[in-house]
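Residue-level structure breakdown
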Amino acid sequence: MRLAIISLGGTSSELIAKEAKDFFEKVDLLDIRKIEIHAHLKKLEVIYEKKPIQEYDCIYIRGSFNYSLLQRSLAYILKNENTYIPFQPDTFTVAHDKFLTILSLQKNGVKVPTTYLAATMKAAKKLLEDIHFPIIMKVPSGTQGKGVMSADSLASARSMLDTLESLKQPVILQEYIETGATDVRVIVAGKKVIACMKRKGRAGEIRSNIHQGGVGIPYELDYQGENDAIRAARAVGADICGVDMLESAKGNMIIEVNLSPGLKGIMNATKKNVAKLVAEFLYKQTAEFKKGEKEKGVEEIMKIIKTKNEKENEKAVLTNLDIKAGKIRLPELMTKISGFREGEEVVLVAENGKVEVRRHDVK
Ligand SMILES: Nc1ncnc2c1ncn2[C@@H]1O[C@H](COP(=O)(O)OP(=O)(O)OP(=O)(O)O)[C@@H](O)[C@H]1O
Ligand SMILES: [Mg+2]
């Protein structure tokens, strides 16, 4: 199988490309800056170094928010039944904008800090009067901690808004979540967390980004934390990404999803070969996609299927597991077929990959 990594050619993309050579027959590292898209009367073309781009089984698109229109267009044109791309086209627009990310997370039942967007700076200043301090202000497309500020009073928030206005920058306002300048960076691949670290900001700093002097320490999330990160990735339509989480008294708050997470910091912190895990994930997903099992995990599917040795009065349903607060919830159809009643005494038997619910027949 053939893989293309389209990126700015940074260290992380290079590391993934190197590891991917152990899995894919061919690995090309393409420079996103050399790509052109041509829309003709009858065809759409992706041109790389003056020639139409080759065919690939997997295309992994990375790069910063500056390229979001190009990235989205690439996914739109190149994602088809022969090519696995681990993102939906829209994902690039949503995840590269912190406010759209918050909206999509919220809509999909993922906890987010209360976040505000106002139409004008004047309206934003008015809004400040009703908000509790301290607050966080963010530029929607900032990265590496640049464009994230905290204000502890109305006066300082107002003067920051004046500065942002003079720089013609849009701004979002966000509830400050007290975590002692610590956040959790989670790398999600499909339905799994493949690496996780805690980042602690340096003294006097609210931002925990490693680029702002923060330090990374290996961290193991509990079941709920892993589930929250995986749901956040799904909400924005990314099969692979970095999720930034704040652990607060009100639960895990997701603040951001990174489509092109830097791997050096997390590899140093966890001593895990995360680049290899990413490459392996891309390979396995592509193989599954090629087998025709594509995109199963992202949307909820429910269909009745036949199983081996199926008994006459048995029905099997293929679906995505619905787990809330660590509890498995089954589709209503299963309740109906089973004939169970509320409060009925049952025996639950679980093993790895299997759960059985059995009526407790007292003889
Ligand atoms: N609402 C908040 N409450 C408390 N701390 C916050 C909040 N939002 C952000 N922070 C701190 O600021 C850091 C940077 O914020 P955020 O992740 O939103 O932007 P970014 O890191 O600049 O973007 P990117 O991860 O794309 O580089 C976070 O890692 C966290 O430590
Ligand atoms: Mg971040």
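Residues numbered from 1 in each chain as written. Chains lettered and ligands numbered in written order. Predicted model: local features only at pLDDT ≥ 70, side-chain atom pairs only at ≥ 80, totals over all residues. Heavy atoms only, no water.

The number of helices and strands found in the chain is ten helices and 21 strands. Looking at the chain as a whole, 42% of its 363 residues qualify as buried. The contacts of the chain with a sequence gap of at least 6 include a subset with a gap of at least 24, amounting to 60%. Only carbon and sulfur atoms are counted for the fraction: they give 51% of the accessible area of the chain, which is about 20500 Å². Measuring between centres, the 57 positive side-chain charges of the chain sit 2 Å from its 48 negative side-chain charges. (Helix = DSSP H or I, 4+ residues; strand = E, 2+ residues; numbered from the N terminus. Buried < 20%, exposed > 50% of the residue type's maximum accessible area, 1.4 Å probe, protein only. Contact = heavy atoms within 4.5 Å. Areas by Shrake-Rupley, 256 points an atom, 1.4 Å probe, with all protein chains shown as cover. Lys, Arg positive; Asp, Glu negative; His and termini not counted. Charge placed at Lys NZ, Arg CZ, Asp CG, Glu CD.)

Let's shift gears to the pairing of strand S12 (residues 192-200). The pairing of strand S11 (residues 182-189) with S12 spans eight bridges and is classified as antiparallel. Paired with Ile-187 across the two strands is Ala-195, which belongs to S12. Alignment of S12 against strand S13 (residues 215-218), held across four bridges, turns out to be antiparallel. When the sheet's bridge partners are listed, Met-197 is paired in S13 with Pro-218. (Pairing = 2+ DSSP bridges.)

Here we take up the sheet that holds strand S15 (residues 251-258). The strand order across the open sheet built from five strands is S13-S12-S11-S14-S15, with neighbouring strands paired in antiparallel fashion. On the outer flanks of this sheet lie S13 and S15, each paired with one strand and no other. Between one strand axis and the next, the sheet turns by 30° as a mean value, whatever way the strands run. Note that strand S14 (residues 240-248) and S15 share seven bridges and pair antiparallel. If you follow Ser-248 over to S15, its bridge partner there is Gly-251. (Axes fitted to C-alpha atoms, helices over the stretch in contact; angles between N-to-C directions.)

What follows concerns helix H7 (residues 223-235). With 13 residues, H7 extends 18 Å between its outermost C-alpha atoms, agreeing within 8% with the 18 Å of an ideal straight helix rising 1.5 Å per residue. For H7, the secondary structure elements touched by its buried residues are helix H4 (98-107), S11, S12, S14, S15 and strand S18 (322-324). Where H7 terminates, the next one or two residues include Gly-237, which has phi positive at roughly 80°. (Expected span 1.5 Å × (residues − 1).)

With that out of the way, let us pick up the environment of Leu-167. Residue placement: Leu-167 occurs in the loop between helix H6 (154-166) and strand S10 (172-175). On the basis of relative accessible area, Leu-167 is assigned to the exposed category, the value being 57%. When the C-alpha positions of Leu-167 and Phe-92 are compared, they lie 25 Å apart, and in sequence the two are 75 residues distant.

Those protein atoms acting as donors to the magnesium ion (ligand 2) are Asp-244 (OD) and Glu-256 (OE), and they sit at 2.1 to 2.3 Å. Of this pair, Asp-244 sits in strand S14 while Glu-256 sits in strand S15, placing them twelve residues apart in sequence. Grouping residues by exposure puts Asp-244 and Glu-256 together as buried. (Donors = N, O, S within 2.8 Å, 3.2 Å for Na, K, Ca; no water.)

Another aspect to go through is the pattern of salt bridges. One pass over the structure, following the stated rule, counts 22 salt bridges. Salt-bridge contacts for Glu-356 lead to Arg-358; the nearest nitrogen and oxygen are separated by 2.7 Å. Residues joined by salt bridges that share partners form a network here, namely Asp-183, Arg-185, Arg-199 and Asp-244. (Salt bridge = Lys/Arg side-chain N within 4 Å of Asp/Glu carboxyl O.)

Taken together, three strands build an open sheet; the order of strands is S3-S4-S5 and the sheet is antiparallel. Both outer strands of the open sheet, strand S3 (35-39) and strand S5 (51-52), are each paired with one neighbouring strand and no more. Alignment of strand S4 (residues 44-48) against S5, held across two bridges, turns out to be antiparallel. When the sheet's bridge partners are listed, Tyr-48 is paired in S5 with Lys-51. Sheet strands in contact with helix H2 (residues 68-78) are S3 and S4, and its direction is about 60° off that of S3.

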